[in-house]
Structures are given as structure tokens and as C-alpha cells.
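# Descriptive analysis of the structure
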Amino acid sequence: FYASPVSFREIVLAKNFAHASILAIEVLVAWIAVGFLYGRPTLDVTAASLAGLLFAAPVNFAAGNLLSIYAPKKLDYSSFGRQRASQTTVLISLGVQLFVVGVGALAFWVARMYGNLWIATLILLVLAGVSLSVYRMILNRMDSLAQGRRETLVAELCRA
């Protein structure tokens, strides 16, 4: 990563774009499956779900980017299914997921209390704006963060 002509920001952005592409395909497949099994979701349900994804994805990407810098782990493709992440990384990831699910559930609870699912969509879109801003801020600082943690990253990547 340090010898390549691209910035660390571009590397992380490409990783996030790959994950976002996979997520988009999974959402499309899930939407089609739900449509076949239960009927097409209504517009308000679809909009609220997409707003929730627009909030959750940047939060997860930002957390993943920071974990890539502060808790790096070299992937060994020969033992891909048997690798274990550090307990700190797992705990932080679980905390991020609990936060995202909790905030989403709270938005849907508020919408249910008022009897209008569009309220959840509005709340989640506002939160998506905040999460996108935080994601952009972290993404813009990736090069300086990677430079400051250069020794740790190189040591982990060069591990046998």
C-alpha cells in the first residue's frame, strides 16, 4: 500500500465501493424475493428501508475504515474460513451494529407511534446525511491516519 502510486484514501474507497456493490445486489435480490413471497412492498416501506440502508452503510464503512487502520489484520487466503478476528475488532463491530439497529428501531418506533412510516424515512434520511458527512470526513483523513500508523500496518501486512 505504501509503495503503490495511489493514495490510501483511494484504496479504502475502492474497498467500500466493492462492498456497496455487493450490498446493492443483495438488496435487489432480497426485494425481488420478498416481492415473490409476500407481494411487492409498498412505496413507504421501500423508501424507509432504503433510507435505513443509506444511514447504516456509511456508518459501517466508516467504522470498517477506522478498524482497518487501528486494528489491521492480514488475510491468509489459505485459511480464509478459519481465521479469527481480534476480540477488540469483534466487540467494536458488534457495538456499531447495535447502534445502527437501535437507531433504526427507534426511528421506526417513532413512526409507528405517529402512524406514518414516512416519518421514519425522514428521520433516517436526516441521519443518513450525518453519517455520510462523518464517512466523508474519515475518508478524507485516511492518508494521514495511514501515514501515522505506517509501522503497525507494514508490520501486520508483512507478517508470515
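Up top is the structure.
In what follows, the accompanying structure is described. Note that this is a predicted model, so its numbers are computed, not measured.

### Describing the nonpolar core
In terms of nonpolar packing, the biggest core is built from 12 residues, these being Phe-8, Val-12, Ala-57, Phe-61, Ala-62, Ile-69, Tyr-135, Ile-138, Leu-139, Met-142, Leu-145 and Ala-146. Going through the elements one at a time, α1 (8-38), α2 (43-70), α4 (117-140) and α5 (142-148) are the ones with two or more residues in this core. With 4 residues, the single largest contributor to this core is α2. Those residues in contact with Leu-145 that sit more than four places away from it in its chain are Leu-66, Ile-69 and Tyr-70.

### Focus: the environment of Val-12
Summarising the element assignment, Val-12 is placed in helix α1. Taking the C-alpha atoms as reference, Val-12 lies 7.8 Å from Leu-139; in sequence the two are 127 residues apart. If near-sequence neighbours (up to four positions away) are discounted, Val-12 is found in contact with Asn-65, Leu-139 and Met-142.

### Quick word on the packing of α1 against α2
Running from amino to carboxyl end, α1 crosses α2 at an angle of 150 degrees, the nearest separation of the two axes being 11 Å. Note that α1 runs across α2; the crossing there is right-handed. In this structure, α1 uses Phe-8, Val-12, Lys-15, Asn-16, His-19, Ala-20, Leu-23, Val-27 and Trp-31 to contact α2, whose residues at the interface are Thr-46, Leu-50, Leu-53, Ala-57, Phe-61, Gly-64, Asn-65, Ser-68 and Ile-69. Counted by class, the contact of α1 with α2 contains 11 nonpolar, 6 polar and 1 charged residues.

### Side note on the packing of α2 against helix α3 (residues 87-114)
Helix packing geometry: the angle between the two helix axes and the distance between the axes. The interhelical angle for the contact between α2 and α3, taken along N-to-C directions, is 160 degrees, at an axis separation of 11 Å. Classified by the angle their axes make, α2 and α3 are roughly antiparallel. Read as a crossing pair, α2 and α3 show a hand that is right-handed. From α2, Ala-48, Phe-55, Ala-56, Val-59, Asn-60, Ala-63 and Leu-67 reach across to α3, where they touch Thr-89, Ile-92, Ser-93, Val-96, Gln-97, Phe-99, Val-100, Val-103 and Phe-108. Here the residues of the contact of α2 with α3 are counted per class, giving 12 nonpolar, 4 polar and no charged.

Here is what the cut-offs are and how they apply
- Throughout, residues of each chain are indexed from 1 in the direction in which the sequence is written.
- Restriction of local features to residues with pLDDT of at least 70 applies here, the model being predicted, together with a cutoff of 80 or more for giving and counting side-chain atom pairs; totals for whole chains, interfaces and linings are based on all residues.
- Only hydrogens and water are set aside; all other atoms, that is, all heavy atoms of the structure, feed into the side-chain values.
- We call a set of buried Ala, Val, Leu, Ile, Met, Phe, Trp, Tyr and Cys residues a nonpolar core when their side-chain atoms join them within 4.5 Å.
- Burial here depends on accessible area, computed with a 1.4 Å probe over protein chains only, as a share of the maximum for the residue type. Under 20% is buried, over 50% is exposed, and the range in between is partly exposed.
- Helix and strand definitions follow DSSP, with helices as H or I runs of at least four residues and strands as E runs of at least two, each counted in order from the N terminus.
- A contact between two residues is defined here by any heavy atoms of the two lying within 4.5 Å.
- Under this scheme, a helix contributes an axis fitted over its contacting stretch, all axes are lines through C-alpha atoms, and angles between N-to-C directions fall in the 0 to 180 degree range.
- Whether a crossing is left-handed or right-handed is set by the direction in which the near helix is turned from the far one by less than a right angle, anticlockwise for left-handed and clockwise for right-handed.
- In this classification, Asp, Glu, Lys and Arg are treated as charged, Ala, Val, Leu, Ile, Met, Phe, Trp, Tyr, Cys and Pro as nonpolar, and every other residue, Gly included, as polar.
- Oblique is the label for every angle not falling under 35 degrees (roughly parallel), over 145 degrees (roughly antiparallel), or within 65 to 115 degrees (roughly perpendicular).

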